Amino acid sequence: MTRMLRFLTAAAAVVSAILACGTTVLQTAYYVCPTPVPTPFIPQPTPLPGTPLPLPPTPYVITPPRDFYLGDAVFVGQSGASLRLRFRLLNVESAPAEPIGGEPRSLYTWQIEIANLGSAVYETVPVALMTVTRVDTFSGPLIGTWPTSQAAMQTAGYWNEDYTALQPGSSRIYRLAAFGPAGSLRQLTYSLDGGANRITWINAANPFCSGDVAD
């Protein structure tokens, strides 16, 4: 058994232990973007007495099931909560891979940064919880599930990845890889509870705003 296979087997066992112990995450993820550009000042006539003033623009907010975007600071848990996490998708790449059975395919690689901003230990094994769920091909988008794999991790050169528990106040960047149909990676999914509570990202810059709120 190779080192990577042993590692992935251990990772799957840790995931099972996490789920069995009830350490899953039930809170909803959210992204709050501060208004990036102040509203241009346009002189207005003096309002009549008693006329309500216009409200300031509200921050732009994304919550599931909507997709987040590459580089967004996605939070789980409110400020001051024992379990408060920040996720950030980074460095998504697509590259041609050796065909299988004559079928062309691609190697998809990405990084997920997770910061533990709370007081509770966070145990996660992204290699077992994160998958490619949409690929854009020449013939159109494909929706499916393409998980990380030992072969993809080896091909990408990802060895000795650290999946030890994430202590309060610490952060880590996890490197992941998966094979999929030939094309470009469009959507990634991370399961917070091993099931329906999921975070999804689109591999594109946020078209609405930029910048982060404070941790």
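About the cut-offs
Residues numbered from 1 in each chain as written. Predicted model: local features only at pLDDT ≥ 70, side-chain atom pairs only at ≥ 80, totals over all residues. Heavy atoms only, no water. Phe/Tyr/Trp six-rings, centres within 6.5 Å; stacked < 30°, edge-to-face > 60°. Helix = DSSP H or I, 4+ residues; strand = E, 2+ residues; numbered from the N terminus. Buried < 20%, exposed > 50% of the residue type's maximum accessible area, 1.4 Å probe, protein only. Lys NZ or Arg CZ within 6 Å of the ring centre and 35° of its normal. Salt bridge = Lys/Arg side-chain N within 4 Å of Asp/Glu carboxyl O. Disulfide = S-S within 2.5 Å. Pairing = 2+ DSSP bridges. Contact = heavy atoms within 4.5 Å.

**Student:** How should I be thinking about the packing of aromatic side chains in this particular structure?
**Tutor:** The geometry of an aromatic ring pair comes down to the distance between the two centres and the angle between the two planes. By the definition in use, this model includes five aromatic pairs. For the ring pair tyrosine 60 and phenylalanine 208, a centre distance of 4.8 Å and an interplane angle of 25 degrees mean the geometry is stacked. Taken together, the residues span a long stretch of sequence, with tyrosine 60 in strand E2 (residues 60-62) and phenylalanine 208 in the segment after strand E11 (198-202) at a distance of 148 residues. When its relative accessible area of 23% is taken as the criterion, tyrosine 60 is described as partly exposed. Three or more aromatic residues joined by ring pairs make a cluster, and in this case those are Tyr60, Tyr69 and Phe208. Arginine 105 extends its terminal NZ or CZ atom over the ring of phenylalanine 179, reaching a point 3.9 Å from the ring centre.

**Student:** Quick question: what am I supposed to make of the pattern of salt bridges here?
**Tutor:** Applying the stated criterion across every chain yields a total of five salt bridges. Put simply, glutamate 113 and arginine 86 hold a salt bridge, and the shortest N to O gap is 3.7 Å. With a gap of 27 residues between them, glutamate 113 in strand E6 (residues 103-116) and arginine 86 in strand E5 (residues 85-100) connect regions that are remote in the sequence. The same class applies to glutamate 113 and to arginine 86, which are both buried. Between arginine 175 and glutamate 161 there is a salt bridge, with its nearest N and O atoms 2.7 Å apart. Of the two residues, arginine 175 is situated in strand E9 (residues 171-181) and glutamate 161 in the loop between helix H3 (150-156) and E9; the sequence distance between them amounts to 14 residues. For arginine 175, a relative accessible area of 28% puts it in the partly exposed group. Here the residues in one salt-bridge network are Arg86, Arg88 and Glu113, joined through shared partners.

**Student:** Sorry, what's going on with the environment of glutamate 98 here?
**Tutor:** Note that glutamate 98 resides in strand E5. Separated by 81 residues in the primary sequence, glutamate 98 and phenylalanine 179 have C-alpha atoms spaced 9.9 Å apart.

**Student:** Explanation requested: the environment of leucine 176 in the structure shown.
**Tutor:** Tracing the sequence through the fold places leucine 176 in strand E9. Under the relative-accessibility criterion, leucine 176 is labelled buried at 0%. For the pair formed by leucine 176 and valine 92, sequence separation is 84 residues and the distance between their alpha carbons is 9.7 Å.

**Student:** What is the right way to look at the state of the cysteines in this model?
**Tutor:** Chemically, a disulfide is nothing more than a covalent bond linking the sulfur atoms of two cysteines. For the structure on display, the rule yields one disulfide. The residue that forms a disulfide with cysteine 33 is cysteine 209, at a sulfur-sulfur distance of 2.2 Å. Of the two residues, cysteine 33 is situated in strand E1 (residues 29-33) and cysteine 209 in the segment after E11; the sequence distance between them amounts to 176 residues. For the pair shown, cysteine 33 and cysteine 209 are each scored as buried.

**Student:** Looking at this structure, I do not really get the pairing of strand E8 (residues 140-147). What am I missing?
**Tutor:** One face of the sheet, then the other: side chains in a regular strand alternate in exactly this way. With six bridges connecting them, strand E7 (residues 130-137) and E8 associate as antiparallel partners. Bridge pairing in E8 places valine 132 opposite tryptophan 146. If you look at the hairpin formed by E7 and E8, you'll find two residues sitting between the two strands.

**Student:** How should the side chain of threonine 131 be read in this particular structure?
**Tutor:** You can see threonine 131 is positioned in strand E7. Threonine 131 sits in the buried class, given a relative accessible area of 15%. Ignoring sequence-local partners within four residues, the contact set of threonine 131 consists of Thr145, Trp146, Pro147, Gln187, Leu188 and Thr189.

Everything listed is a geometric property; what it means functionally is a separate question.
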